[in-house]
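Structural characterization, general
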Amino acid sequence: MREDYQVLIDEVTALLGTPATLENRDFGLIAFGVHEGEGDEDGEDGALLMDPVRTRSILRRRSTARVRAWFESFGITRAVEPVRIPPDPSAGVLRGRICVPVRHGGVALGYIWLLDDGALELSDPRLADVRAVARRVGSLLADESRAGARRGELLRALLTAAPEHRAAVDLAEAELAGELGPVAAGPLAVVAVVPWEEDAEGRSAAAPGIPGAVAVCAVPGAEGLAVLVRLRTSGALGPARTAAERLLRSPRAGAAAGIGEPCTGLGPVPGAWWQALAAARAARAESRFGPVARWDRIGPYRLLASVARPSGSSATGAPDPSVRVLLEPGRREMARTAEAFLDCAGQAGRTAALLGVHRQTLYYRLSRVEQLTGLDLGDGEDRLLLHMALKTARLLEG
């Protein structure tokens, strides 16, 4: 369907002789037309024709919040007729534009943007042709939105159905396979983003402009977004990482993403979702994993994740009793010291250097940890318990 959008925008570009751009209602780029004069007509880099806003929209596939606010201040979200917008150099809008709203069923679904410095009159009959294109685009976007919402509902049903309710799982899997067609055979990957909340219109499932995404949904209880991504080959998770990075561009404080193991068919998808969710939580707990973590690269957190498993499992969702006292206000430094000591395999010199304290200070803190927890740091099982409990608590906090 994306090819249809490109063909329509190329038609508009050719009709008016000026570059046209199509964005959805969230200012995510869908398609853009390139005029043959672009890039050489106004200088070597086409600075006048390619103003910073258009350049960023094409390269980053999204406009900034400031630019969005500037454009929306002209009432484009409510407009049904083309709207002329003057330049605003302070916002990077160096050239004027005409915005042709894309609507369907009375709802704004997107915008066609035409670079124009006043040469094109709003009464120009060619704009009637552009409006006809906008209606066609609106119909396509509405169809795509309905299909996307349906796929999202089925993905949510597949991920939230209790494993013991086999009939519900099988039904969701079969219906989602019917919606996806040959894509359902894979290879596929599941991406999780946490935290994630639906907007005022509940539109998280329609999170726009996610490359490679074939189904998207918010998952109740997990406070996360699930994205099913089509892969080129089972061993190449690049498309999944690209989708995750695109989602993390949204201004969500502390958000992180995880990627589960590749799936062949839809059967393994629920398990891959849990893996992706665990990887995302590990990324929030440990900055060394980066904002996007892969399940196969989070080491011992793969085991710890089963202890901190999200709601719907047998996990309690609370820190182990062995560390609760260390997590009380005023004692976090003790928890940090114990975790560093265990991370350093019990080597006092390395731990003291890592924490920037004297060895005697370290020994005092470790003795206090033993007193508070009742554990013996000279005992292998006690050390294993404390280490796992501290790491699990970090996951639960993430």
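The following refers to the structure shown. The structure presented is a predicted model; accordingly, all values stated were derived computationally and were not measured.

This brings us to the packing of aromatic side chains. Per the stated rule, a full pass over the model turns up eight aromatic pairs. Between Tyr 111 and Trp 113, the ring centres sit 5.9 Å apart and the planes meet at 50°, which makes this aromatic pair tilted. Neither residue differs from the other here; Tyr 111 and Trp 113 are each classed as buried. By the ring-pair criterion, three or more aromatic residues cluster together here, those being Phe 27, Phe 71, Tyr 111 and Trp 113.

Before going further, it helps to examine the pattern of salt bridges. Taken as a whole and judged by the stated rule, the model has 18 salt bridges. Linking Lys 391 and Glu 286 is a salt bridge whose minimum nitrogen-to-oxygen distance equals 3.3 Å. Taken together, the residues Lys 391 in helix H13 (residues 380-397) and Glu 286 in the loop between helix H7 (269-285) and strand S10 (292-294) connect sequence positions 105 residues apart. A single salt-bridge network, built from bridges that share partners, covers Glu 286, Arg 288, Glu 339, Asp 343 and Lys 391.

Running from amino to carboxyl end, helix H10 (residues 332-343) crosses helix H12 (residues 359-373) at an angle of 105°, the nearest separation of the two axes being 9 Å. It follows from the interaxial angle that H10 and H12 lie roughly perpendicular. When H10 is examined against H12, the residues Glu 333, Met 334, Thr 337, Ala 338 and Phe 341 are found in contact with a partner set consisting of Leu 362, Arg 365, Leu 366, Arg 368, Val 369 and Leu 372. Of the residues that constitute the contact of H10 with H12, the class distribution is seven nonpolar, one polar and three charged.

Our next topic: H12. Relative to the 21 Å expected for 15 residues at 1.5 Å per residue, H12 spans 21 Å between its end C-alpha atoms, a close match to the ideal helical length. Taken as a whole, H12 has its buried residues at Leu 362, Arg 365, Leu 366, Val 369 and Thr 373. Taken end-on, H12 shows its buried residues confined to a sector of 100°, consistent with a single buried face. In H12, the exposed positions that point more than 90 degrees away from the buried face belong to Gln 360, Tyr 364 and Gln 371. Close packing links the buried residues of H12 with helix H9 (321-324), H10, helix H11 (348-355) and H13. Positive backbone phi, at 75°, marks Gly 374, one or two positions downstream of H12.

Here we take up the sheet that holds strand S5 (residues 107-115). The sheet built from five strands is open, its strands ordered S2-S1-S5-S4-S3 with antiparallel pairing. Either end of the sheet is taken by a strand with one partner, and the two such strands are strand S2 (29-32) and strand S3 (83-85). Pairwise comparison of adjacent strand axes, ignoring direction, gives a mean angle of 25° for this sheet. Contacting strand S1 (20-24), S2, strand S4 (97-104) and S5, helix H4 (residues 126-160) crosses the sheet at an angle of about 45° to S4.

Once that is clear, we can look at unusual backbone geometry. Backbone phi values are negative for most residues with the exception of glycine, while trans is the configuration of most peptide bonds. Going from Gly 186 to Pro 187, the amide bond is cis rather than trans, its omega being 5°. Secondary-structure assignment places Pro 187 in the loop between helix H5 (166-180) and strand S6 (188-194). With an omega dihedral of -10°, the bond running from Val 194 to Pro 195 counts as a cis peptide bond. Residue placement: Pro 195 occurs in the loop between S6 and strand S7 (213-219). Of note, the phi angle at Phe 27 is positive, near 65°, even though the residue is not glycine. Inspection of the secondary structure puts Phe 27 in the loop between S1 and S2. Take Phe 27: its relative accessible area is 1%, and that puts it in the buried class. Phi at Ala 345 takes a positive value of approximately 55°, unusual for a residue other than glycine. Its place among the elements puts Ala 345 in the loop between H10 and H11.

A few words now on the environment of Ala 280. Along the polypeptide, Ala 280 turns up in helix H7. Note on Ala 280: relative accessible area 0%, which makes it buried. For the pair Ala 280 and Gly 260, spaced 20 residues apart in the sequence, the C-alpha separation amounts to 9.6 Å. With residues near it in sequence (within four places) discarded, Ala 280 still touches Ala 192, Val 194, Ala 256, Ala 257 and Gly 258.

About the cut-offs
- Residues numbered from 1 in each chain as written.
- Predicted model: local features only at pLDDT ≥ 70, side-chain atom pairs only at ≥ 80, totals over all residues.
- Heavy atoms only, no water.
- Phe/Tyr/Trp six-rings, centres within 6.5 Å; stacked < 30°, edge-to-face > 60°.
- Buried < 20%, exposed > 50% of the residue type's maximum accessible area, 1.4 Å probe, protein only.
- Salt bridge = Lys/Arg side-chain N within 4 Å of Asp/Glu carboxyl O.
- Helix = DSSP H or I, 4+ residues; strand = E, 2+ residues; numbered from the N terminus.
- Axes fitted to C-alpha atoms, helices over the stretch in contact; angles between N-to-C directions.
- Parallel < 35°, antiparallel > 145°, perpendicular 65-115°, else oblique.
- Contact = heavy atoms within 4.5 Å.
- Nonpolar A, V, L, I, M, F, W, Y, C, P; charged D, E, K, R; others polar.
- Expected span 1.5 Å × (residues − 1).
- Arc of directions from axis to C-beta.
- Pairing = 2+ DSSP bridges.

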